[in-house]
Structure formats: C-alpha cells, structure tokens
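Observations on the model geometry
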Amino acid sequence: MDVKKAGISRLLLAAPDLRRSTWMMESPAFRKICEEYEHACLRRDVLRCSAEKDDETLLRSETECKSLEAAAIAFIRKQRQFSGLV
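Report follows, based on the coordinates. (Residues numbered from 1 in each chain as written. Predicted model: local features only at pLDDT ≥ 70, side-chain atom pairs only at ≥ 80, totals over all residues. Heavy atoms only, no water.)

**Topic: the overall build of the protein**
For clarity, the cut-off: Numbering of helices and strands runs from the N terminus; a helix is a DSSP stretch of H or I covering at least four residues, while a strand is a stretch of E covering at least two. Burial status follows relative accessibility: with a 1.4 Å probe on protein chains alone, a residue under 20% of its type maximum counts as buried, one over 50% as exposed, and anything between as partly exposed. Any two residues whose heavy atoms approach within 4.5 Å are treated as being in contact. Per-residue and other accessible areas follow the Shrake-Rupley method at a 1.4 Å probe size, with only the shown protein chains counted as cover for residues. For the purpose of charge, His is not counted, nor are the chain termini; Lys and Arg are scored as positive and Asp and Glu as negative. Here the site of a charge means NZ on Lys, CZ on Arg, CG on Asp, or CD on Glu.
Helix and strand counts for the protein stand at three helices and zero strands. Along its sequence from the N terminus, the protein presents helices and strands in the succession α-α-α. Expressed as lengths along the three principal axes of its C-alpha atoms, the size of the protein is roughly 50 × 25 × 20 Å. With 86 residues in all, the protein has 33% of them scored as buried. Within the protein, contacts between residues separated by at least 24 positions form 66% of all contacts whose residues are at least 6 apart in sequence. Element-wise, carbon and sulfur atoms account for 57% of the exposed surface of the protein, whose accessible area totals about 5,700 Å². Counting 16 positive and 14 negative side-chain charges, the protein places the centres of these two groups 8 Å from one another.

Next comes the structure, spelled out in structure tokens:
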C-alpha cells in the first residue's frame, strides 16, 4: 500500500464520520496531509515499540500525529461547508 493510501486509511479509522467524503481523495492538499500523517504515525509506531523508550520524543510524535489528524479533519469539514455537502 502506498503512503498516501495508508495515511487515508489511518485517518478514516480515526474519524469514521468522514468515510462518506470520497471526493477528498482527489484533493492534492488532502493527499499531502495524509502522506505526512502516515509518515508521522510510522515514526510514532517505531517509538512506541522501541526497547529504549524516550518519553519526550514519543510525546512530541504523538502530538504531531494528533495535529496532522486534526488538520486533515478540519480540511474535510471546511471543504464540506464551502461545497454545501455539510
């Protein structure tokens, strides 16, 4: 699976109410957010599984993932508003 699709899948798992927003898959901005989200999640997953825990780095990584997730969700909701798809 490519990185964008993996990011989209993770995002839709995190925000199931957005699953009906298939139009977003065509948006280059949304796909870029999903790509960055997947990379951040992969880094976080590695940190979570690491034998030598670095709590500060893990916390920053968790925060980055949540921030990207929130940005993607906000993007979708804003696009829905402008297009009348609320």
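Now, onward.
**Concerning the nonpolar core**
So the rule is basically this: The set of buried Ala, Val, Leu, Ile, Met, Phe, Trp, Tyr and Cys residues whose side-chain atoms join them within 4.5 Å is what this entry labels a nonpolar core.
Formed by 18 residues in total, the largest nonpolar core has its most connected members in Leu11, Leu18, Phe30, Tyr37 and Ile76. Where this core is concerned, the elements lending two or more residues are helix H1 (3-14), helix H2 (28-49) and helix H3 (55-83). Sequence-distant contacts of Phe30, defined by excluding residues within four places in its chain, comprise Ile8, Leu11, Met24, Met25, Ala72, Phe75 and Ile76.

**Here's the deal with the state of the cysteines**
Quick reminder of the rule: Cysteine sulfur pairs qualify as disulfides if the two atoms are within 2.5 Å.
Applying the stated rule across the entire model yields zero disulfides. A disulfide-free cysteine, Cys34 has its sulfur positioned 10 Å from the sulfur of Cys41, the nearest such atom. For Cys34, a relative accessible area of 1% gives the class buried. Its sulfur unpaired, Cys65 is 3.8 Å from the next cysteine sulfur, which belongs to Cys41. Overall, the relative accessible area of 1% leaves Cys65 in the buried class.

**With respect to the pattern of salt bridges**
Oppositely charged side chains can form a pair if their charged atoms are brought close together. Quick reminder of the rule: Whenever a carboxyl oxygen of Asp or Glu lies within 4 Å of a side-chain nitrogen of Lys or Arg, that contact is scored as a salt bridge.
Here the structure, examined in full by the defined rule, presents eight salt bridges. When the shortest N-O distance is used, the salt bridge between Glu38 and Arg10 registers 2.6 Å. Of this pair, Glu38 sits in helix H2 while Arg10 sits in helix H1; the two residues are 28 residues apart in sequence, bridging distant segments of the chain. For Arg10, a relative accessible area of 22% gives the class partly exposed.

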